[in-house]
Amino acid sequence: MPKISLKFKEQVLKEIPLDKPRLAIGRKPDNDLVIDDPGVSGHHALIFSEEGVFFIEDLGSTNGTFVNDAKIQKEKLKISDRVAVGAHVLIYQEEVAPALPLPREAESDKTMRPEPAKQEEPVKAVPETAKTAAAEGKKAEKVGRLTVVSGETDRKAYELTGHLTVIGAEDTATVRLTGWFAPKNAALISLKGSTYVISQPEGGKKITVNGEAVLGKKPLHDGDLIIIAGVHFQFSLK
């Protein structure tokens, strides 16, 4: 039977068998799988079966649903697919029956049957231009980084490697604010293509970038100075 493993920071929180045709995912309590994560919408996504095949569909969530790092609207699920919703990951798995062992050959068959000669497969050379292009592509990818200039957090620097970075005092936050009056959900930074975008969650306090208040969403640039709940960060691309 297919199942979903719910993970947070590579730790498995629970496993859910897909024994029903629909599995609703979201932050509100009326979902089949409730995820307490500020980056997850009230009704975020739906896993459903069509003719024995499971699909996942985004339900118009604020921060999107990603399958193997690609943002999707509706996608067929395959074994070991990684589905990112907020800061959590769902792994799709199917239990495969073990293969039956092959019948053992009689000793007489082994001695009479000559072993076929082994042929070495020719090694395919990768063109130098392809190697260079791949190397340049990797080199061009830059990862965002938040460095704490002043204020109380659980670390002094953070690599923004996920599609969504949650900043706040919640235990599930990627960047944890540790001050006495730190808000649970202070800010969200999402990765859209190669651009990092900061936004203010519902009920969040004022966010400024280079002294200007963020209204809605704002793209971040290398060297930006960000103030969130009294904590000063510097954003950089490495």
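In this text, all values refer to a predicted model and were calculated from it rather than measured experimentally.

A.B. asks: A description of the sheet that holds strand β19 (residues 212-213) should follow, citing residues and the corresponding values.
C.D. replies: Ordered by their spatial adjacency, 6 strands build an open sheet running β13-β12-β22-β21-β18-β19, and the pairing between neighbours is antiparallel. Two strands in the sheet have a free side with no partner beyond their single neighbour: β13 (157-160) and β19.

A.B. asks: I'd like a rundown of the environment of Ile91, residues and numbers included.
C.D. replies: Here Ile91 lies in strand β11 (residues 88-93). Here the alpha-carbon distance between Ile91 and Val12, two residues 79 residues apart in the chain, equals 9.7 Å. Look past the residues within four positions of Ile91 in its chain and what remains in contact with it is Lys3, Ile4, Ser5, Lys7, Ser80, Asp81 and Arg82.

A.B. asks: Can you lay out the confidence of the model for the protein chain for me, pointing to particular residues and giving the numbers?
C.D. replies: Of the residues in the protein chain, 80% reach a pLDDT of 70 or more, and the chain-wide mean stands at 83. Across residues 133-139, confidence stays below pLDDT 50; counting only partners more than four residues off in sequence or on other chains, it has 0 contacts.

A.B. asks: Give me the lowdown on the pairing of β11, citing residues and values where you can.
C.D. replies: Among the 6 residues of β11, 5 are classified as buried, and the element is accordingly described as predominantly covered. Summarising the sheet, strand β10 (residues 82-85) and β11 pair through 4 bridges and their orientation is antiparallel. The residue bridging Val83 from the neighbouring strand is Leu90, located in β11. Two successive antiparallel strands, β10 and β11, enclose a turn made up of 2 residues, where Gly86 displays a positive phi of approximately 60°.

A.B. asks: Now, about unusual backbone geometry: what can you tell me, with residues and values included?
C.D. replies: Not every positive phi belongs to a glycine, and Lys9 is a case in point at roughly 50°. Judged by its relative accessible area of 57%, Lys9 is exposed. You will see that Glu10, though not glycine, has its phi angle at about 65°, which is positive. Along the chain, the position of Glu10 falls in the loop between β1 (3-8) and β2 (11-17).

Conventions used here
- Here the residue numbering is sequential within each chain, running from 1 through the sequence in written order.
- Local features in this predicted model are restricted to residues whose pLDDT is 70 or higher, and side-chain atom pairs enter the listing and the counts only when it is 80 or higher, whereas totals over whole chains, interfaces and linings include all residues.
- As a rule here, side-chain values cover all heavy atoms of the structure and leave hydrogens and water aside.
- Two strands form a pair only when DSSP identifies at least two bridges running between them.
- Each helix corresponds to a stretch of at least 4 residues labelled H or I by DSSP, and each strand to a stretch of at least 2 residues labelled E; elements are numbered beginning at the N terminus.
- The criterion used for residue contact is that any of the two residues' heavy atoms lie within 4.5 Å.
- Confidence of the predictor in every single residue is expressed as pLDDT, which spans 0 to 100.
- Relative accessibility decides the category of a residue: with a 1.4 Å probe and only protein chains considered, values under 20% of the type maximum give buried, values over 50% give exposed, and everything between is partly exposed.

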